[in-house]
Amino acid sequence: MTYEINETHDPNLKSWVESANDPNTDFPIQNLPFCMPWPATDLPHLGIGIGDYIFDLNQAIVAGLLGSGFDPLAEEIELCDLSFLTEVYGTAILTDLRRSAFEVLREDAEPEIIEDAKDCMVLMSKADPELAFEIGDYTDFYCSIYHATNVGSMFRPDNPLLPNYKYVPIGYHGRASSIVISGTDIKRPKGQNRTDQEAPPVFIPCKNLDYEMEVGFFVGRGNELGTSIPIGEAEKHIFGLCLVNDWSARDIQAWEYQPLGPFLAKNFATTISPFVVTMEALAPFRTKAFEREPGDPAPLDYLADVNNEKFGGIDINLEVFIQTEKMRAENIEPFMLSRSNMKDLYWTIGQMLTHHASGGCNLQTGDLIATGTISGKEKSERGSMLELSWRGTEPIQLPSGETRRFLEDGDEIIMKGYCEREGFRRIGFGECRGRILPAD
Ligand code: CA
């Protein structure tokens, strides 16, 4: 199972890449996430994050560093992303690639191997990341009960949580074409606004632009149309996780969402972090599924599983920072807006996946499925500005003397995620950033 601890999780392991041994790095040898760096002069390559570097798998395969098992790949490596590899060879090849990279990058690798591997290192700060999977479909859930309760109570104070919430993992189909990689600027969308209830709607730049702190998971192996995925098998279909910022236009959303849910308010851009942290690397940070309140219904049978209940949660600390134009000009560090944790989700990723396929919908390699905004119980754990500023009624005070109800042009949102547990090495996700540009 994906929860099992093995020798790659040994906290004492070190790498000959010095920066990977820094206790604060997101990318020690125990992590080794996949990515797709694009060195300026070349085509995108497959890579693995290690310390401040990316280990270039294309070069390593061509150089024969990963063992003869990967020789057949050398021919077609130039244009293959994770989707291609998984579709042709299955997810096992990614697990094998990562394991082989692990052997090359460990401190006690053969000196000749280390010497050759040094030629395959790209400085992370010099690499321009691409999407590692070709994302065919994107779905966004609504799995934080705290987020759903907060948002619900703004609109329905007496009845914040709708009666379906504790039975159905709520979600909507998003737009894959507008998923962008961290660092891409986000243009403020225009749309229909009907803030003035007495007048007809107007088509103007979004006034209440927001972010949502989420985590996404990539489907490794899909399912055939008309079949489903039993909950006990769900995690075998999940390859790894990344951070997701589901940019949201609240004013557009408020006018358009009835009766079919979000549409243009959500589809102008979604930012993801470039590294795919594997389920294997996350094994030490698994935790029990959300503990339901006494009196809450148990999940229906197709969403219930003993292992899911014991290990279905993932303990990932999530942080959101803002840096405004003025803060940048005055060299003020990004300011932390919230800190929440993925383990507080009401539904597990296994339940999301199983529910998604339960009616026969075919999931495919590279599909991205996001959790929905991850908020916690406390005020400091609210994963969107809508919640932090309580729909704009309680402006957020920034260290620059500015206030925010929603995002303004020039604001940059920076999301981070990391896992820590006694007896294991800290691992992280890197960053998910995006800066707001003015509307046309
Ligand atoms: Ca969302």
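Criteria and cut-off values
Residues numbered from 1 in each chain as written. Predicted model: local features only at pLDDT ≥ 70, side-chain atom pairs only at ≥ 80, totals over all residues. Heavy atoms only, no water. Domains from an automatic or database assignment. Contact = heavy atoms within 4.5 Å. Buried area = accessible area lost by both parts, 1.4 Å probe. Salt bridge = Lys/Arg side-chain N within 4 Å of Asp/Glu carboxyl O. Polar contact = N/O pair within 3.5 Å; in protein donor to acceptor, adjacent residues only side chain to side chain. Helix = DSSP H or I, 4+ residues; strand = E, 2+ residues; numbered from the N terminus. Nonpolar A, V, L, I, M, F, W, Y, C, P; charged D, E, K, R; others polar. Buried < 20%, exposed > 50% of the residue type's maximum accessible area, 1.4 Å probe, protein only. Pairing = 2+ DSSP bridges. Axes fitted to C-alpha atoms, helices over the stretch in contact; angles between N-to-C directions. Donors = N, O, S within 2.8 Å, 3.2 Å for Na, K, Ca; no water. Core = buried A, V, L, I, M, F, W, Y, C linked by side-chain atoms within 4.5 Å. Patch = residues over 30% accessible without salt bridge, like charges linked within 9 Å, V, L, I, M, F, W, Y side chains within 5 Å. Areas by Shrake-Rupley, 256 points an atom, 1.4 Å probe, with all protein chains shown as cover. Disulfide = S-S within 2.5 Å.

On to the domain arrangement of the chain, then. As far as domains go, the chain holds domain 1 (7–130) and domain 2 (138–437). Each of domain 1 and domain 2 was reduced to a C-alpha centroid, and the two centroids are 29 Å apart. On the side of domain 2, 23 residues touch domain 1, which itself brings 30 residues to the contact. Summed over both sides, the interface between domain 1 and domain 2 buries roughly 2,100 Å², with carbon and sulfur atoms accounting for 59% of that surface. Our count for the domain 1 to domain 2 interface comes out at three salt bridges. Where domain 1 touches domain 2, the interface holds 13 residue pairs in polar contact (both at pLDDT 80 or more). Mapped by element, the contributors of at least two residues to the side of domain 1 that touches domain 2 are β1 (34–38), α3 (82–89), α4 (92–105) and β5 (128–130). A per-class count over the side of domain 1 that touches domain 2 returns 12 nonpolar, 12 polar and six charged.

Take helix α6 (residues 145–155) next. Taking burial as the measure, the 11 residues of α6 include eight buried ones, the bulk of the element. Residues of α6 that are buried include every one of Ile 145, Tyr 146, His 147, Ala 148, Asn 150, Val 151, Gly 152 and Met 154, and no others. Where α6 is buried, its residues meet α12 (385–388).

The strand order across the open sheet built from five strands is β4-β3-β2-β1-β5, with neighbouring strands paired in antiparallel fashion. Sheet topology places β4 (121–123) and β5 at the edges, where each strand pairs with a single neighbour. Sheet twist, expressed as the mean angle between neighbouring strand axes with direction ignored, is 50°. As paired strands, strand β3 (residues 53–56) and β4 are joined by three bridges and run antiparallel to one another. For Phe 55, the partnering residue across the bridge sits in β4 and is Met 121.

Before going further, it helps to examine the coordination of the calcium ion. Six octahedral donors around a metal ideally make angles of 90 or 180 degrees; four tetrahedral donors ideally make 109.5 degrees. Every protein donor of the calcium ion is accounted for by Asp 140 (OD), Glu 212 (OE), Glu 214 (OE) and Asp 246 (OD), and the metal-donor separations fall at 2.2 to 2.3 Å. Counting residues between consecutive donors of the calcium ion along the chain gives the motif D-x71-E-x1-E-x31-D. Here Asp 140, found in strand β6 (residues 138–141), pairs with Glu 214, found in strand β13 (residues 213–219); they are 74 residues apart in sequence, far enough to count as distant. Here Asp 140 falls in the buried class, since its relative accessible area comes to 1%.

Next up on the list: the pattern of salt bridges. Going through the model one piece at a time under the given rule, you end up with 30 salt bridges. A salt bridge links Asp 26 to Arg 426, with the shortest nitrogen-to-oxygen separation between them at 2.7 Å. Taken as a pair, Asp 26 in the segment before β1 and Arg 426 in the loop between β25 (412–419) and β26 (427–437) lie far apart in primary sequence, 400 residues in all. With respect to burial, Asp 26 and Arg 426 carry one shared label: buried.

Backbone-to-backbone hydrogen bonds join strands into a sheet, with any given pair of strands oriented parallel or antiparallel. With respect to topology, five strands assemble into an open sheet ordered β9-β26-β25-β20-β21, the strand pairing being mixed. Both outer strands of the open sheet, β9 (186–187) and β21 (335–341), are each paired with one neighbouring strand and no more. Bridge count for β25 against β26 is seven bridges, and the pairing is antiparallel. Paired with Ile 414 across the bridge in β26 is Arg 433.

It is worth spelling out the nonpolar core at this point. Within the largest apolar cluster, 60 residues are counted, with the highest numbers of intra-cluster contacts made by Tyr 211, Leu 241, Leu 282 and Met 342. Setting aside residues no more than four positions away along its own chain, Met 342 makes contact with Val 215, Leu 241, Ile 314, Ile 316, Leu 318, Ile 349, Thr 371 and Ile 374. Within the second largest apolar cluster, 50 residues are counted, among which are Leu 32, Leu 82, Ile 272 and Ala 370.

By secondary structure assignment, the location of Phe 55 is in strand β3. The exposure class of Phe 55 is buried, given its relative accessible area of 0%. For the pair formed by Phe 55 and Phe 34, sequence separation is 21 residues and the distance between their alpha carbons is 9.5 Å. Once residues lying within four places of it in the same chain are set aside, the contact partners of Phe 55 are Leu 46, Gly 47, Ile 48, Ile 50, Ala 60, Leu 66, Ala 101, Val 104, Leu 105, Ala 117, Cys 120 and Met 121.

All right, on to a nonpolar patch on the surface then. Taken together, the side chains of Tyr 167, Leu 300 and Tyr 302 define a hydrophobic patch exposed on the protein surface, amounting to about 280 Å² of accessible area. Here Leu 300 shows up in the loop between β18 (286–287) and α9 (306–311).

Another point: the state of the cysteines. For the structure shown, the criterion picks out zero disulfides. We note that Cys 242 lacks a disulfide partner, and the nearest cysteine sulfur, in Cys 432, lies 7.6 Å from it. Free of any disulfide, Cys 419 has its nearest neighbouring cysteine sulfur in Cys 242, separated by 13 Å. Note on Cys 419: relative accessible area 0%, which makes it buried.

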